[in-house]
Amino acid sequence: MVNCEGRADTRSGDRRRLVRRALTSVGPGDGDGGGGGGEEQDHASRLWHVTLSVSGKPAPLSEVRRGLEQLAHDHPFLLTSRYADDHAEIRYWEEARDLHDAAAVALRLWGEHRSSAQLPPWEIVGLEVIDRATYHQRVAEGYGPPPAHPVGVHPY
């Protein structure tokens, strides 16, 4: 078992021993399903492009914008948000071990920041999580995400 400090817990009788593990950086092309398969590679983080869509009852645009701006402040990796009075789309990069971890963080994002950022009580209606290579392939082929606005919060 690995604890949150990157140390493996092992038990020997009644004694508990902590073994220090070294964490390594992920370079370009690392962790994209290539060979190797070593233990450290299994724990390597990757970048995932996340698009989270939310919607619900209409709310004043000024409140939606202010809430999304606060969310961007609270979640510094937020790239861009687009919004209307009854829906919004949030795009950002997430660093995670695998798609499941990135998706789990994304699915908690709106709910965990709803009160602190005073976001509308909308529900998540869509989620896309793709790896970095797929994102860049889509952009190169011309069917990637809509043309990017400058980083920030923008109306539709």
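Read on for a plain summary of the structure. (Residues numbered from 1 in each chain as written. Predicted model: local features only at pLDDT ≥ 70, side-chain atom pairs only at ≥ 80, totals over all residues. Heavy atoms only, no water.)

## Let's talk about the packing of aromatic side chains
Here the structure, examined in full by the defined rule, presents two aromatic pairs. Ring geometry for tryptophan 93 versus tyrosine 135: centroids 5.0 Å apart, planes at 80°, classification edge-to-face. In this pair, tryptophan 93 is assigned in strand 5 (residues 87-96) and tyrosine 135 in helix 4 (residues 132-141), connecting sequence segments 42 residues apart. No difference in accessibility class separates tryptophan 93 from tyrosine 135, as the two residues are buried. When the ring of tryptophan 110 is compared with that of tryptophan 122, the centres are 6.2 Å apart and the planes differ by 5°; the resulting orientation is stacked. On the criterion of sequence distance, the pair formed by tryptophan 110 in helix 3 (residues 99-113) and tryptophan 122 in the loop between helix 3 and strand 6 (123-131) is long-range, its members being 12 residues apart. (Phe/Tyr/Trp six-rings, centres within 6.5 Å; stacked < 30°, edge-to-face > 60°. Helix = DSSP H or I, 4+ residues; strand = E, 2+ residues; numbered from the N terminus. Buried < 20%, exposed > 50% of the residue type's maximum accessible area, 1.4 Å probe, protein only.)

## Regarding the environment of alanine 84
Assignment of secondary structure puts alanine 84 in the loop between strand 4 (78-83) and strand 5. A relative accessible area of 16% places alanine 84 in the buried class. On a C-alpha basis, the gap between alanine 84 and leucine 61 in space is 6.7 Å, while along the polypeptide they are 23 residues apart. With residues near it in sequence (within four places) discarded, alanine 84 still touches Leu61, Val64, Trp122 and Tyr156. (Contact = heavy atoms within 4.5 Å.)

## Details of the side chain of aspartate 131
Residue placement: aspartate 131 occurs in strand 6. Of the residues examined, aspartate 131 reaches a relative accessible area of 17% and is grouped as buried. A polar atom in the side chain of aspartate 131 sits 3.4 Å from the side chain of arginine 46. In contact with aspartate 131, not counting residues within four places along its chain, are Arg46, Leu47 and Trp48. (Polar contact = N/O pair within 3.5 Å; in protein donor to acceptor, adjacent residues only side chain to side chain.)

## Observations regarding the pairing of strand 5
Of all 10 residues in strand 5, eight are buried, a share of seventy percent or more. In sequence, strand 4 turns back onto strand 5 through a hairpin of three residues. (Pairing = 2+ DSSP bridges.)

## Re the pattern of salt bridges
Scanning the entire structure with this criterion turns up eight salt bridges. Of the charged contacts, one joins arginine 65 and glutamate 69 as a salt bridge, the two residues approaching to 2.9 Å between their closest N and O atoms. Residue arginine 65 and its partner glutamate 69 are both found in helix 2 (residues 61-74); the two are separated by four residues, about one turn of the helix. Of the residues examined, glutamate 69 reaches a relative accessible area of 39% and is grouped as partly exposed. (Salt bridge = Lys/Arg side-chain N within 4 Å of Asp/Glu carboxyl O.)

## Things to note about the pairing of strand 4
Burial runs high along strand 4: five of the six residues are buried. Pairing of strand 4 with strand 5, which is carried by five bridges, proceeds in the antiparallel orientation. When the bridges of strand 5 are listed, leucine 78 appears paired with tyrosine 92.

## Side note on the nonpolar core
Here is a general trend for soluble globular proteins: nonpolar side chains tend to be buried in one another's company. Counting residues in hydrophobic clusters, the biggest one holds 24 residues, and the most contacted among them are Leu68, Leu71, Ile90, Tyr92, Trp110 and Trp122. Residue assignment for this core shows that the elements contributing at least two residues are strand 3 (46-55), helix 2, strand 4, strand 5 and helix 3. (Core = buried A, V, L, I, M, F, W, Y, C linked by side-chain atoms within 4.5 Å.)

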